[in-house]
Amino acid sequence: MMDPIWLLLLLPLAGFSGWVAAQRGRLHRRNASGPKAISDSYVRSINFLANDQHDEALDVLAKALEDYDESLEIQLALGTLFRRRGEIEKATQIHQGLISRPGISSEQKSQVLFELANDYFKAGLLDRAENLLLELGASESFREASLRLLVQIYESEREWERVIAAAGHLDKLTTEVWAPRIAQYQCELAERALNAGDYSAAKDRTTSALNLNRNCARAIILRGRLEALSGRHRQAVTTWTRLCDDHPEMLNEVARLVQTSAESVGKSGLYVDFLLRALESSSDERLQLLLVDFLAQEGRNAEAEAHLESWVEEHGSLSGLNRLLEIRVDSGSRSDSSSDYELMRKVSGKLLADRSGYECRFCGFQGKSMHWQCPGCRHWDTTAPRLATIKLS
Ligand SMILES: [Zn+2]
């Protein structure tokens, strides 16, 4: 597919070629020889394009356009093309040249400034880009585009207060719903405050996040952590249990926190209740294994084994099978089949080795740790633990 920008660039050159052809035609008529067609540059660019040699085509075009075409649209398109190819310096040069052009309207100047801001952003000169965009905010037609780029800039600078302000403007300006994303920014600030030991600020931020998105998993987890930190462990467990409703995939993330809180108040029953409730809404096999681990730890081996057996039979879980075999080998009741168990355990253990981790449901990015903003596609709140159970009917 040809980039539509090429059409825009080739158009005036075609016109120019027509003019050249006409001039030549006049000459040729005078010289009484056959008509010669279009300009060399035009033919050469078309040839390069036809052969998918876009870089070469652009070089020829750029030269021709610099020499012959002064129109603003063409120069802007040329600048964009240079930027897209990573030739930021050339793009910047073109745009800077246009600003000082005499007779440029204020609307046109805004457009050039916006392009220049994009050049700076691409070159990593974030401060310069930011200054231009703030200046542009006054121009009605570039307000939304400027704010969108500002959000990107502030996100990469982790300037969360500023992102919140810009995103808030966009929320009012566009039909897009920004609240869940702003909730993520509030969570960033809550975590920052939490790490700095400012629990009261962390609490305020978490409340703001939940006001923006009452189902924000990250804010629910944070609220529970803050409650646990202030010694309200039962309340913390209740808060984390809320994840059962809309975020069963996140339950395993808080299981250890629940266990710690339950132990802090000397009520291991709180932990078991949480796991049983969690397993009603989630098929996450790691929660099953936590329950089995807990039962085994309490010396309730028979119970653990029976629970595992029925679960493995029902779901065909490899992790469950692996754990079951482990328990049987460890339990000392070595029968003739114990060596078979050992082997099966090894095999299933191997198969399991590379199945854990996290995945972005938007772009498929996979990682070993949880990212609230996907490093692959920069989307917020799209990453979740990878789950793998099959139901055998
Ligand atoms: Zn992604």
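Residues numbered from 1 in each chain as written. Predicted model: local features only at pLDDT ≥ 70, side-chain atom pairs only at ≥ 80, totals over all residues.

Scanning the chain for helices and strands turns up 20 helices and three strands. Across the 393 residues in the chain, those meeting the buried criterion constitute 33%. Taking the contacts inside the chain whose residues are at least 6 apart along the sequence as the reference set, 45% of them involve residues at least 24 apart. (Helix = DSSP H or I, 4+ residues; strand = E, 2+ residues; numbered from the N terminus. Buried ≥ 20, exposed ≤ 12 C-beta atoms within 10 Å, placed from the backbone. Contact = placed C-beta atoms within 7 Å.)

Two numbers describe how helix α16 (residues 268-281) lies on helix α17 (residues 285-297): the axes approach to 10 Å, and their chain directions differ by 150 degrees. Considering the angle they form, α16 stands roughly antiparallel to α17. For α16 against α17, the interelement crossing comes out left-handed. Across the interface between the two elements, Y271, V272, L275, A278 and L279 from α16 touch L287, Q288, L290, L291 and F294 from α17. (Axes fitted to C-alpha atoms, helices over the stretch in contact; angles between N-to-C directions. Parallel < 35°, antiparallel > 145°, perpendicular 65-115°, else oblique. Left-handed = near helix turned anticlockwise from the far one by under 90°.)

As a further point, take the sheet that holds strand β1 (residues 358-360). The sheet built from three strands is open, its strands ordered β2-β1-β3 with antiparallel pairing. Looking at strand neighbours, the two that pair on one side only are β2 (366-367) and β3 (383-385), the edges of this open sheet. Here β1 pairs with β3 via three bridges, running antiparallel. In the sheet register, C360 faces β3, and the bridge partner there is T383. (Pairing = 2+ DSSP bridges.)

Turning our eyes to something else, we now look at the confidence of the model for the chain. Of the residues in the chain, 82% reach a pLDDT of 70 or more, and the chain-wide mean stands at 84. When mean pLDDT is compared element by element in the chain, helix α11 (residues 199-212) scores highest at 98, while helix α1 (residues 4-31) scores lowest at 54. Residue range residues 24-37 is modelled with pLDDT below 50. Its contacts to residues more than four positions away, or to other chains, number seven contacts. (pLDDT = per-residue confidence, 0-100.)

Across its 13 residues, helix α19 (residues 318-330) extends 18 Å between first and last C-alpha, which sits within 8% of the 18 Å expected from 1.5 Å per residue. Every buried residue of α19 is listed here: S319, G320, L321, N322, R323, L324, L325 and R328. (Expected span 1.5 Å × (residues − 1).)

A few words now on helix α18 (residues 301-315). With 15 residues, α18 extends 21 Å between its outermost C-alpha atoms, agreeing within 8% with the 21 Å of an ideal straight helix rising 1.5 Å per residue. Listed as buried for α18 are A304, L308, W311 and V312. Around the axis of α18, the buried residues are gathered within 100 degrees of arc, so they sit on the same side. Of the exposed residues in α18, the ones pointing more than 90 degrees away from its buried face are A302, A306 and S310. In this structure, the buried side of α18 is in contact with α17 and α19. (Arc of directions from axis to C-beta.)

As a rule of thumb, soluble globular proteins bury nonpolar side chains together. One finds A117, L132, L150, V163, A167, V254 and V258 to be the most contacted residues of the largest nonpolar core, which totals 82 residues. Among the domains, domain 1 (4-169) and domain 2 (285-354) are the pair contributing at least three residues each to this core. If near-sequence neighbours (up to four positions away) are discounted, V254 is found in contact with I221, G224, W240 and L243. (Core = buried A, V, L, I, M, F, W, Y, C linked by C-beta atoms within 7 Å. Domains from an automatic or database assignment.)

We now examine the environment of S283. With respect to the helices and strands, S283 occurs in the loop between α16 and α17. In this structure S283 comes out as partly exposed when scored by C-beta crowding, with 16 C-beta atoms within 10 Å. Residues S283 and L387 lie 104 residues apart in sequence; the distance between their C-alpha atoms is 8.3 Å.

Time to look at the environment of E280. Residue position: E280 is located in helix α16. Under the C-beta neighbour-count criterion, E280 is labelled exposed, with 8 such atoms within 10 Å.

This brings us to the packing of helix α12 (residues 217-229) against helix α15 (residues 251-264). Between α12 and α15, whose axes approach to 11 Å, the crossing angle comes to 15 degrees. Between α12 and α15, the angle falls in the class roughly parallel. Seen along the crossing, α12 lies across α15 with a hand that is left-handed. Residues I221, G224, R225 and A228 of α12 pack against E253, V254, L257 and S261 of α15. In the contact of α12 with α15, the residues fall into four nonpolar, two polar and two charged. (Nonpolar A, V, L, I, M, F, W, Y, C, P; charged D, E, K, R; others polar.)

A positive phi angle is found at R158, which is not glycine, with a value near 55 degrees. As for its placement among the helices and strands, R158 is situated in the loop between α8 (143-157) and α9 (160-173). With phi around 60 degrees, D381 is a residue other than glycine that occupies positive phi space. Of note, D381 is situated in the loop between β2 and β3.

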